[in-house]
Structures are given as structure tokens and as C-alpha cells.
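Residue-level structure breakdown
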Amino acid sequence: MSSTQIRARRERAAWQTIDSGQLLLIATAGLFVVVAIAEVAASGLRQPNVAIIFGVLIALGELFRMVMPGNREVAPIASAGAMGYALLVGIGPEGAPPDAPLGVVPAEHSPLQVVAVTSVGMLVGSLPHILVGRSPRPDAMARRLFTVAVVALCFRPMLSLGLPWQLLLAVMGLVVVLSCFTDVLIAAMIRAEAVRARFGIALRDELDAKMALCAATSATAMLIAVATTAMGEAALLIFTVPILVTQFAFRRYAGIRATYLQTVRALSRVTEVGGYVETGHSRRVSRLSVAMGRELGMSEEELLELEYAALMHDIGQLSLGDPIPGGATVLASPAEQRRIAELGAEVIKQTGVLDRVAHIVQLSSHPYRTGPETLAGPGEAERPAPAPPLAGRIIKVANAYDDLVGDSADRDRGAAVLERLRLDSAAEYDPTVVEALSRVVDRRPRP
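Parameters and conventions
Residues numbered from 1 in each chain as written. Predicted model: local features only at pLDDT ≥ 70, side-chain atom pairs only at ≥ 80, totals over all residues. Heavy atoms only, no water. Helix = DSSP H or I, 4+ residues; strand = E, 2+ residues; numbered from the N terminus. Buried < 20%, exposed > 50% of the residue type's maximum accessible area, 1.4 Å probe, protein only. Contact = heavy atoms within 4.5 Å. Areas by Shrake-Rupley, 256 points an atom, 1.4 Å probe, with all protein chains shown as cover. Core = buried A, V, L, I, M, F, W, Y, C linked by side-chain atoms within 4.5 Å. Salt bridge = Lys/Arg side-chain N within 4 Å of Asp/Glu carboxyl O. UniProt positions renumbered as here; feature names shortened; annotations may be inferred. Axes fitted to C-alpha atoms, helices over the stretch in contact; angles between N-to-C directions. Parallel < 35°, antiparallel > 145°, perpendicular 65-115°, else oblique. Left-handed = near helix turned anticlockwise from the far one by under 90°. Nonpolar A, V, L, I, M, F, W, Y, C, P; charged D, E, K, R; others polar. Disulfide = S-S within 2.5 Å. Expected span 1.5 Å × (residues − 1). Polar contact = N/O pair within 3.5 Å; in protein donor to acceptor, adjacent residues only side chain to side chain. pLDDT = per-residue confidence, 0-100.

This part covers the overall build of the protein chain. When you go through the protein chain residue by residue, the secondary structure sums to 18 helices and 4 strands. Residues classed as buried in the protein chain amount to 48% of the 447 residues present. Partitioning the contacts of the protein chain with sequence separation of at least 6, the portion at a separation of at least 24 is 71%. Of the roughly 21,900 Å² of accessible surface on the protein chain, a fraction of 62% belongs to carbon and sulfur atoms.

Below you can see the structure in the form of C-alpha cells.
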């Protein structure tokens, strides 16, 4: 198969992953762009110099877009430039007619011209990415365009009312807040459908992930609009710097998160390379655990910790002199399971930054319903064993399932293992987690 055919297959696969909500958003944004460009072509481009300057800023912002944790594509500079153009009141005091409102040259562009300039700038900024083989994220681009359209449609008609500056600034603030919540709401609806998460959980995750960056972007957009009105086009170069610094900070944060995950995935393979567990066991347990956690309503931050813990849940087996046959800890004695989990937790604690993950791994071997635990020292009193957290209960079920099923695609075998886990749910496994596993397994495509 040629490289061209491979690339075409990958592109088809990427489009096939787009769900109905994303398609609706893309189609709506596309229709909006067609109407906007047609209107500008019919009526002419107003104040073309200003439109070109903002269009170049938007294109540069798209060129330097980035991917945040959770596979969220953002372009803060492009968004700030586009919203600044939508909020623009005037272009400096030079050349303003005596009767001009606020003493500046009025910005004459319409909301549809904002959409047209933004869409063209986004397309131009995406061309270098396309040329090097990085396919654009049409849903993310459509959402950014839709957010800018909300700002333009809500704010630009207000300019004809002759409002004083104080009131205009208040309207700007309300409009950008509305645009932020619109973006978060759309992103949450799409994400809930894409990953089969509850809408409330998806909304909370989007708020946590995007509100800080959205606030910085909105503040910069207002600053650009006000500064350009007061100082002219030169203000763009000065007041774009804050969002540029913010973008570098967020990029570094995203890079650290990605490095953590890559490191954890590499560590999880040590047990496989050493022959302590079957090849792919940690990865399969991790995928099952994350799917079950999402089914049970865990937040994105909790899912990340769950993924870390699931990847490294068997790392304690490295301390064993004789590996467990097949690495199936579910067949080991409870004492041996607890010893492996505790040794693994000690290894994870050495990182100094994953203490909560270590706690999850340590308790992932505990039964769902705990009884009294006898301490090792002679003469010491019994005390209740600590109850495992939800993440630990999830890993225990996912590990047991994969130990008994492995990479087999036999549905009858999987059903038999699920029934066995249900029978042991009285004390060993959380029945709610087992049922979540059943739903996750049922959704898998048939071979």
C-alpha cells in the first residue's frame, strides 16, 4: 500500500470519528461563512486596511494554535484577535470627523464582515498545517468561529445606539462572558456525545479546563479593541503580547502533562518486558478502567489519576522472585495481592508527585467490603481495613477481568468471567463497578 493510500485511509478514519453533534456544528458554521462571504462580496469590504491587519493576526494565531490536555485544540491569539475585531469601536482619533462618536474614526464593519474576515484568517493560518500533513480539527475551528460570531452579532448592533464609553465597556464584558459560556456549553455537548460522558460531568470538565484561558483571551480581546480605538492599529502589536505569554505558559503546562503520561506508559511496560505480565495487560486494564470511570461519572482529573494508577497497578510484581504464572494476580492469595499493591505504591511514591496515584494502587487489592484487619505486630488490636476508593475498586474489577480474559475476543468467555465477578460481588468486587464493566464490554464492536 502506498503512502498516499495510507494517508487517505487515515483521513477517512478521522472523518468517520466525527459524531452527529460535531457535524451539525460544522455544517452550521459552514453555512454562516458562506452567507458572510456572500454579503461582503455583494456590499464590499469596509475599511480594508483594518480588516487585513486583523486577518493577519488571526492567521498567525491559527498558525501557532496548540492542543491542551484532553485533546482540546485552542488558538488563543486567533480568538483574541477575532473577538477584538468584533468589539472594535473605532480606529484611533487621527482623521476623525468633528461629529464622530467618541472622537474616533468609527469602525464600520458589520457582524458578517467579522465572520468573513475571521474565517479567511483561520483558513490561511491552517494552510501550513495542512501542507505538512497535520489535518485541521474542523469541529474546533467551527466552535471558535461560532464564538466570534456570537460576540459580533451581540455587540456590533449596539454601536448604532450611541452609548457612552462606560456603558460600552460593560456591554463588552457581558458579551465576552456570554461567548465564553457559549463555547464551553457547545464543547461540553460535543464531548458528552463523543466520549459517552454525562453532560453535567462534561460541562464541569470544560469549565475547569477552559475558563482560565477563556478569561485571558477575553480580557486581551477587550484590551485590543479599546487600545486600537484609542491609539490606532499600532496598539495591536503591543497588546497582543499578554496573550502570547499566556499561550506559552499553557503550552508548557500541556507539555508537562503529556510528559507525565508518556513516562507512566513507559514505566508500565517494564512488567511486560520483564515477563511478569502478559503483553498489553496494563494498556487494556487502563482502557477498561477509564471507560468504566467515565460510565460512573468521574471527572476528567479523576480519570487521569485513574489512568496513571491502572497503568502502574502491577509494577509491584517486579519485587517478586518468581513471577506469577501469566501475571494473573487475581489467582494469587489475598496476602500476595496486597503485598504486590503495597510494593507498587512505594515505587510510585518515589516520584514525589503521584502520591494520590500511589494511594489508589495501594488500595486496589482490597476487597469491596472490608472486615477487620490484624496488624503484623504481636499483641496489637485489630482495626478496620481502609475502604478502597472508587478508582481502586475500578482497577480491581478491570484487572480481574483482563487476567481471566486477556486479549481474547470471545464474547462467551467474557460473559462467563462477568458472571463470575457478579457471584463474587458480595464481598470482593463492587457490584456497581461490575455492572459498569458489563455495559462497557457490551459496547465493544463485535469481531
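We are not done yet, so read on.
The subject of this paragraph is the nonpolar core. In this structure, Phe 54, Tyr 85, Leu 87, Leu 88 and Phe 155 are the most contacted members of the largest nonpolar core, which totals 50 residues. Only helix 2 (20-43), helix 3 (48-63), helix 4 (76-87), helix 5 (111-131), helix 6 (138-155), helix 7 (165-195) and helix 8 (199-231) provide two or more residues apiece to this core. Here this core takes 8 residues from helix 6, the largest share from any one element. Counting 44 residues, the second largest nonpolar core, distinct from the first, contains Leu 306, Ile 348, Tyr 401 and Val 434.

Time to look at the pattern of salt bridges. One pass over the structure, following the stated rule, counts 24 salt bridges. For Arg 265, the salt bridge is made with Glu 307, and the minimal N-O distance between the two is 3.2 Å. Taken together, the positions of Arg 265 in helix 10 (residues 241-268) and Glu 307 in helix 13 (residues 300-311) put the pair 42 residues apart, joining distant regions of the chain. Classification of Arg 265 as partly exposed rests on a relative accessible area of 42%. Under the relative-accessibility criterion, Glu 307 is labelled buried at 16%. A salt bridge links Lys 349 to Glu 346, with the nearest nitrogen and oxygen atoms 3.8 Å apart. You can see Lys 349 and its partner Glu 346 sitting in helix 14 (residues 334-349), 3 residues apart, about one turn around the helix.

Attention shifts here to unusual backbone geometry. For Gln 47, which is not a glycine, the phi torsion comes out positive at approximately 45°. On the accessibility criterion, Gln 47 (19% relative accessible area) is buried. The phi angle at Asn 71 is positive, at roughly 60°, despite the residue not being glycine. By relative accessible area, Asn 71 is classed as exposed at 52%.

We now examine the UniProt feature "transmembrane region" (unreviewed entry) in the protein chain. Under the UniProt annotation, the feature "transmembrane region" (unreviewed entry) is placed at residues 21-42, 48-67, 74-92, 112-133, 145-163, 169-190 and 234-250. Here residues 112-133 runs as 91% helix and 0% strand, with 31 Å between its end C-alpha atoms. What you have in residues 234-250 is 88% helix and 0% strand, and the ends, taken at the C-alpha atoms, are 26 Å apart.

What follows deals with the environment of Ala 266. Considering the arrangement of structural elements, one finds Ala 266 in helix 10. Note: C-alpha distance between Ala 266 and Met 312 (46 residues apart in sequence) is 9.8 Å.

The contact between helix 16 (residues 390-405) and helix 17 (residues 411-423) brings their axes to 10 Å, and the two run at 140°. One way to sum up the angle between helix 16 and helix 17 is to call them oblique. As helix 16 packs across helix 17, the resulting crossing turns out to be right-handed. For the pair helix 16 and helix 17, contact is made by Val 397, Ala 400, Tyr 401, Leu 404 and Val 405 and by Arg 413, Gly 414, Val 417, Leu 418, Arg 420 and Leu 421, respectively. A per-class count over the contact of helix 16 with helix 17 returns 8 nonpolar, 1 polar and 2 charged.

A few words now on the state of the cysteines. Evaluated as defined, the whole model comprises 1 disulfide. Across the disulfide, Cys 180 is cross-linked to Cys 214 (sulfur-sulfur distance 2.0 Å). Here Cys 180 and Cys 214 share a disulfide; its torsion about the S-S bond, -110°, makes the bridge left-handed. Of the two residues, Cys 180 sits in helix 7 while Cys 214 sits in helix 8, which places them 34 residues apart along the sequence. No difference in accessibility class separates Cys 180 from Cys 214, as the two residues are buried.

Time to look at helix 13. Its 12 residues give helix 13 an end-to-end C-alpha distance of 16 Å, which sits within 8% of 16 Å, the value for a rise of 1.5 Å per residue. The element helix 13 is extensively covered by neighbouring structure, given that 10 of its 12 residues are classed as buried. All buried positions along helix 13 are accounted for by Glu 300, Leu 303, Leu 304, Glu 305, Leu 306, Glu 307, Tyr 308, Ala 309, Ala 310 and Leu 311.

In an α-helix there are 3.6 residues to a turn, and that puts residues three or four apart on one side. Between its terminal C-alpha atoms helix 18 (residues 431-442) stretches 16 Å, which fits the 16 Å expected from 12 residues at 1.5 Å a residue. Turning to helix 18, its buried residues are Val 433, Val 434, Ala 436, Leu 437, Ser 438, Val 440 and Val 441. Structurally, helix 18 contributes buried residues whose contacts are with helix 12 (281-295), helix 16 and helix 17. The N-cap of helix 18, judged by a side-chain oxygen 3.0 Å from the amide nitrogen of Thr 432 a few residues on, is Asp 430.

Before going further, it helps to spend a moment on the confidence of the model for the protein chain. Considering every residue of the protein chain, the mean pLDDT works out to 83; 88% of them sit at 70 or more. Taken together, the stretch residues 1-16 has pLDDT below 50 and engages in 4 contacts with residues farther than four places along the chain or on a different chain. Segment residues 372-378: pLDDT under 50, and 11 contacts once partners within four positions in sequence are set aside and those in other chains are kept.

Moving on to the packing of helix 4 against helix 8. One way to put it is that helix 4 packs onto helix 8 with a least axis distance of 8 Å and a crossing angle of 45°. Between helix 4 and helix 8, the angle falls in the class oblique. Note on packing geometry: the crossing formed by helix 4 with helix 8 is right-handed. Counted together, Pro 76, Ser 79, Ala 80, Met 83, Gly 84 and Leu 87 of helix 4 and Leu 213, Thr 217, Ser 218, Thr 220, Ala 221, Met 222, Ile 224 and Ala 225 of helix 8 form the full contact between these two elements. Of the residues contributing to the contact of helix 4 with helix 8, the split by class is 9 nonpolar, 5 polar and no charged.

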